[in-house]
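Chain residues, written in single-letter form:
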Amino acid sequence: MRLTRILLSALAALQIASYTAYSEESPRNTKTLTDWEFRRDHDWKSGEGWTAVKVPHDWAITGPFSKENDLQVVAVVQNGEKQATEKTGRSGGLPYMGKGCYRTFIDISGNLSRTILFDGAMSEAQVLVNGEKVGEWPYGYNSFSFDITDALRQGRNEIVVLLENRPFSSRWYPGAGLYRKVRLIETNPVHIPVWGVFITTPKVSAEEAGIRISTNVEGAAEGETLLVRTRIFDNEGRIVAERTDSRAICHGDPAIQNLIVPSPKLWSPENPVLYKAETAVIRDGEILDIVDNRFGIRTVEWIADRGFFLNGQRRIIRGVCLHHDLGPLGAAINRTAIHHQLKMLKDMGCDAIRTSHNMPAEELVELCDEMGFMIMPEAFDEWEVAKCENGYHRYFNDWAEKDVLNMVRHFRNSPSVIMWSIGNEVPTQWTPDGYKVASMLQDICHREDPGRVVTCGMDQFDAVVNNGFGARLDIPGFNYKTRRYNEAYSKLPQNIILGSETASTVSSRGVYHLPGQALSDGSVPEDFNALSGAQRMHPDQQSSSYDNEYCWWSNIPDVDFAADEAYSWMTGQFVWTGFDYLGEPTPYDTEAWPSHSSVFGIIDLASIPKDRFYLYRSVWNRDKATLHVLPHWTWNGHEGENVPVMVYTTWPAAELFVNGVSQGIVRKDTTPVSEWKGILPDDRTLMGRYRLIWPDVKYQPGEIRVVAYDNEGRTVEEKTVRTAGKAYSLKVAMDAWNEGGAAYAGVADPELIYLNVSVLDKNGNIVPNDSRQVRVKVGGAGKFKAIGNGDATCLEPFQNPQMHLFSGQLTVIAERIGKGPVTVEVSAKGLKSSKITF
């Protein structure tokens, strides 16, 4: 069995976006094509009606929001639905459907080979050069390239890209347009093709690492002998290995080289050390081509009954699932925005990303390499059996192999990539021949990348553990069904489990539903325990931030924490989701407009942490202590009523005081997991293991104070939450994760600054329920970019410099456009304004 002990090669990073200067002259030149013209039809021959845009570009994010945009009347089979209903906001309520056309012009001279490389085009791309179709690529999430040399002419050339997004083609907001970067690569006719270098490390020890480099060369005569030279540089720019070999280029086979790196520095999330391999192709002393590839050296093992090991050390994967949209910025990729997301997740203690449910942007993988995140790229949300009427199933038979091949070749050199996912909750999993399709896709991954394992996110538990589907995968990945992991372990041959998608807890930032408040169905939870449950619906179309509501198929986070802790064969989890995303507004997804974005996220759509962020941080972040108190303590009209209090903390115990009166000390349950005898306790017991809860606290205006104690009973930390008075002023400040955010922005990307806006009373206390409209002015060397408040029901456009607060806060995103100070001023009716200069 492959799984019993699979030593994954420590692999390398991808082709970098732009090639820097070299010691020897090279004809390779990479241009990022940012200046395009756009129109919302396919009339590419027209001389009128074009609008200048910058690529990456998402044509739909400017809206407007509308219930009628991609209104889907469907029965979601994988959710057990039998009758079609109106799925409002399923794909975000934005106008992504329809046709779009982009064009740009390039000047050409000389006899170089030229390739155009698209990181992603949404969707059904057709590419024309000077009116001649040079290629097509249906799948909007994949990267693809075309050799356009023969279609070019000396002088001015026109490049046109035709795109079409069909209605009923997505279960979430996919974005629209050339939403990832486009590059023109100019090379000698004899050159290394796109993703033409493959780096593995078949041997890794403390003393040395063996590096195997496979280099494809195109354009050479059959049997022609060329020199291939590779230099390996460490993270300080020193050459640590070098080799030049004479290789005959025959039958399209790659040139193989083997090098030794002494005393290697191993890549890990805690120490993401990168190396660089510079590969040159030489003929008669002339450099024909040079490419750089970053890579890392590390070992990965998946061991039956023992779990996941990185560099010989067992670790539990602490991962999240991420959709590709960037909230108020839409799908248009931005390196600074991704870096900001990853900084927040790093602070939470997260160490892994699942790119659900599609191939990732190159910028995300590069940043995972640099910042220290493991990553599981995912290929598809459907195979040959449909989820959506116009989904990928229409292309699967003809395009699946090409799409998997491109995904693997694009990212197989990245040290952050630890495994591949070939699908998510595909209906094929319960068909008689589904295992054959899974085997086919897994075999492609193994052929292109023999060192990495493959999984698939499976949700049809009873089918996959009995029909051979789950048994065919290297690693069985289960979406939910945490309390049945034991059963899967006993029935499947791998003896190892991955939580490929977990929790699906739902919450709206700053919203707390109390005992005594009626649900949408008219029932009234009388106490704290009655607040918890599946598919809770509320009249305000928000989910409670007590983090005790979830979907009918899922659970609270505490159950997954317990599984990671209890089972030696668990490898970890990917939580659904790290951030809220546009579309899938579950549980308010059926006849529930204006809900149009998810509330699954640990962090909301405006990049403001929910309470749940601190629950995960208290368990996952092993370097920094956490002490977080919820809810707020401003409950006008609820005097004398029960307002439960929770604390998410690293510390084992805490005492709660209301206006100086102790409500008692609560300690976390520390029962040894061995006493569970493999059966996870009930939800309430598990909440007591990972949270401190005072379920019956009578509200009195004033303050609540929490004093945290260590195992010896010593006071180690305190936090106070006060009742807010009348709103007095706004406050605008750079959010806590901005510092150093531009460090990875890259020359071509704009620098974005994330600012938090809140409302304060005269004493500086946050007013948690204010919802008035805020107006924004950005000046100096900056301009306004976007705004968001995290409210899944808000229909205000992200691009207007004004928006209503949600739970007393919102986020402003400013863009730096020059040197010098940037000023941001916020104002609201009846409040003192606030201004910041940085």
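## Regarding the overall build of the chain
Here's step 1: Regarding its fold elements, the chain presents eleven helices and 49 strands.
Here's step 2: Here the C-alpha atoms of the chain give a radius of gyration of 27 Å, agreeing with the 28 Å that 2.2 N^0.38 yields for 838 residues.
Here's step 3: Total accessible area computed for the chain in this model is approximately 29,800 Å², and 48% of it derives from carbon and sulfur atoms.

## Here's the deal with the sheet that holds strand 19 (residues 255-262)
Here's step 1: Within the open sheet, the three strands sit side by side as 15-16-19. Their pairing is antiparallel. Among the strands making up the open sheet, the edge pair consists of strand 15 (197-204) and strand 19. Looking at each pair of strands side by side, their axes are set apart by 25 degrees on average, direction ignored.
Here's step 2: As paired elements, strand 16 (residues 208-215) and strand 19 share eight bridges and run antiparallel to each other. Within strand 19, the residue paired with threonine 215 across the bridge is alanine 255.

## Concerning the sheet that holds strand 5 (residues 51-54)
Either a parallel or an antiparallel arrangement is found when strands of a sheet pair, and the pairing is made through backbone hydrogen bonds.
Here's step 1: Taken together, six strands build an open sheet; the order of strands is 5-4-8-13-10-11 and the sheet is antiparallel. The open sheet is flanked by strand 5 and strand 11 (132-137), the only strands paired with a single partner. The average undirected angle you get between the axes of adjacent strands in this sheet is 25 degrees.
Here's step 2: As defined by bridge partners, strand 4 (residues 35-39) adjoins strand 8 (residues 98-108) across three bridges and the pair is classed as antiparallel. Within the sheet, the bridge partner assigned to arginine 39 lies in strand 8 and is cysteine 101.

## A look at helix 4 (residues 434-448)
Here's step 1: Over its 15 residues, helix 4 extends 22 Å from the first C-alpha to the last, a length consistent with the 21 Å expected when each residue adds 1.5 Å.
Here's step 2: Among the residues making up helix 4, those that are buried are Gly434, Val437, Ala438, Ser439, Leu441, Gln442, Ile444, Cys445, His446 and Glu448.
Here's step 3: Contacts made by the buried residues of helix 4 are with strand 15, helix 3 (396-411), strand 28 (419-424), strand 29 (453-458) and helix 6 (469-472).

## Regarding the packing of aromatic side chains
Here's step 1: With the rule as written, the count across this model stands at 33 aromatic pairs.
Here's step 2: Put simply, the rings of Tyr139, Tyr141, Phe380, Trp383, Tyr392, Phe396 and Phe469 touch in pairs and so form one group of aromatic residues.
Here's step 3: Above the face of the phenylalanine 233 ring, lysine 276 is positioned so that its terminal group lies 4.7 Å from the ring centre.

## A closer look at the nonpolar core
Nonpolar side chains in soluble globular proteins generally cluster together in the buried interior.
Here's step 1: Counting residues in hydrophobic clusters, the biggest one holds 209 residues, and the most contacted among them are Leu345, Ile353, Phe380 and Trp383.
Here's step 2: When residues of this core are assigned to their parent elements, the largest contribution, seven residues, is made by helix 3.
Here's step 3: Excluding residues within four positions of it along the chain, isoleucine 353 makes contact with Val320, Leu322, Leu342, Leu345, Leu364, Cys368, Phe373, Met374, Ile375, Met376 and Phe574.
Here's step 4: Ranked by size, the runner-up nonpolar core spans 22 residues in total, among them Val190, Leu288, Val291 and Phe295.

## What to know about the environment of threonine 650
Here's step 1: Locating threonine 650 in the fold gives a position in the loop between strand 36 (645-649) and strand 37 (653-658).
Here's step 2: Sequence separation between threonine 650 and leucine 615 is 35 residues; the distance between their C-alpha atoms is 9.2 Å.
Here's step 3: Other than its neighbours up to four places away in sequence, threonine 650 contacts Ser618, Lys624, Ala625, Thr626 and Lys668.
Here's step 4: Of the polar contacts made by the side chain of threonine 650, one reaches the backbone nitrogen of threonine 626; its length is 2.7 Å.

## Details of helix 9 (residues 557-566)
Here's step 1: Burial within helix 9 is extensive, with eight of its ten residues counted as buried.
Here's step 2: Along helix 9, the residues that are buried comprise Pro557, Asp558, Val559, Asp560, Phe561, Ala562, Ala563 and Asp564.

## Here's the deal with the side chain of threonine 723
Here's step 1: You can see threonine 723 is positioned in the loop between strand 41 (715-722) and strand 42 (729-734).
Here's step 2: Ignoring anything within four residues of it in the chain, the contact list for threonine 723 reads Trp633, Thr634, Tyr699, Pro701, Gly702, Asp761 and Asn765.

## A closer look at the environment of threonine 230
Here's step 1: For threonine 230, the location among the structural elements is in strand 17 (residues 224-233).
Here's step 2: Taking the C-alpha atoms as reference points, threonine 230 and isoleucine 290, separated by 60 residues in sequence, lie 9.4 Å from one another.
Here's step 3: Once you skip the residues sitting within four places of it in the chain, threonine 230 turns out to touch Ile213, Ala241, Glu242, Arg243, Gln257, Leu259, Ala277, Glu278 and Thr279.
Here's step 4: Within the structure, threonine 230 has its side chain in polar contact with the side chain of threonine 279 (distance 3.5 Å).

## Considering a negative patch on the surface
Here's step 1: On the surface, Glu132, Asp147, Asp150 and Glu218 cluster together into a negatively charged patch.
Here's step 2: Following the sequence through the fold, aspartate 150 ends up in the loop between strand 12 (144-147) and strand 13 (155-165).
Here's step 3: Here aspartate 150 falls in the exposed class, since its relative accessible area comes to 78%.

## With respect to unusual backbone geometry
Here's step 1: At the junction of glycine 63 and proline 64, the peptide bond is cis and its omega measures out at 5 degrees in the coordinates.
Here's step 2: In this structure, the amide linkage connecting tryptophan 576 to the following residue, threonine 577, adopts the cis form with an omega of -5 degrees.
Here's step 3: Turning to its location among the elements, threonine 577 is positioned in the loop between strand 34 (570-576) and helix 10 (611-620).

## Considerations on the pairing of strand 20 (residues 275-283)
Side chains on a regular strand alternate between the two faces of the sheet.
Here's step 1: Judged by how many residues are buried, strand 20 sits mostly within the fold: seven of nine residues are covered.
Here's step 2: Judged from the nine bridges that link them, strand 20 and strand 21 (residues 286-295) form a sheet pairing that is antiparallel. From the neighbouring strand, arginine 283 faces strand 21, where its bridge partner is glutamate 286.
Here's step 3: Hairpin connection of strand 20 to strand 21: two residues between the antiparallel strands, including aspartate 284 at a positive phi of 50 degrees.

## Some remarks on the pattern of salt bridges
Here's step 1: All told, the structure shown has 63 salt bridges when counted by the stated rule.
Here's step 2: Linked by salt bridges that have partners in common, Asp119, Lys181, Arg183, Glu362 and Glu363 make up one network.

About the criteria used
- Residues numbered from 1 in each chain as written.
- Predicted model: local features only at pLDDT ≥ 70, side-chain atom pairs only at ≥ 80, totals over all residues.
- Heavy atoms only, no water.
- Helix = DSSP H or I, 4+ residues; strand = E, 2+ residues; numbered from the N terminus.
- Rg over C-alpha atoms; globule rule 2.2 N^0.38 Å.
- Areas by Shrake-Rupley, 256 points an atom, 1.4 Å probe, with all protein chains shown as cover.
- Pairing = 2+ DSSP bridges.
- Axes fitted to C-alpha atoms, helices over the stretch in contact; angles between N-to-C directions.
- Expected span 1.5 Å × (residues − 1).
- Buried < 20%, exposed > 50% of the residue type's maximum accessible area, 1.4 Å probe, protein only.
- Contact = heavy atoms within 4.5 Å.
- Phe/Tyr/Trp six-rings, centres within 6.5 Å; stacked < 30°, edge-to-face > 60°.
- Lys NZ or Arg CZ within 6 Å of the ring centre and 35° of its normal.
- Core = buried A, V, L, I, M, F, W, Y, C linked by side-chain atoms within 4.5 Å.
- Polar contact = N/O pair within 3.5 Å; in protein donor to acceptor, adjacent residues only side chain to side chain.
- Patch = residues over 30% accessible without salt bridge, like charges linked within 9 Å, V, L, I, M, F, W, Y side chains within 5 Å.
- Salt bridge = Lys/Arg side-chain N within 4 Å of Asp/Glu carboxyl O.
- Lys, Arg positive; Asp, Glu negative; His and termini not counted.
- Charge placed at Lys NZ, Arg CZ, Asp CG, Glu CD.

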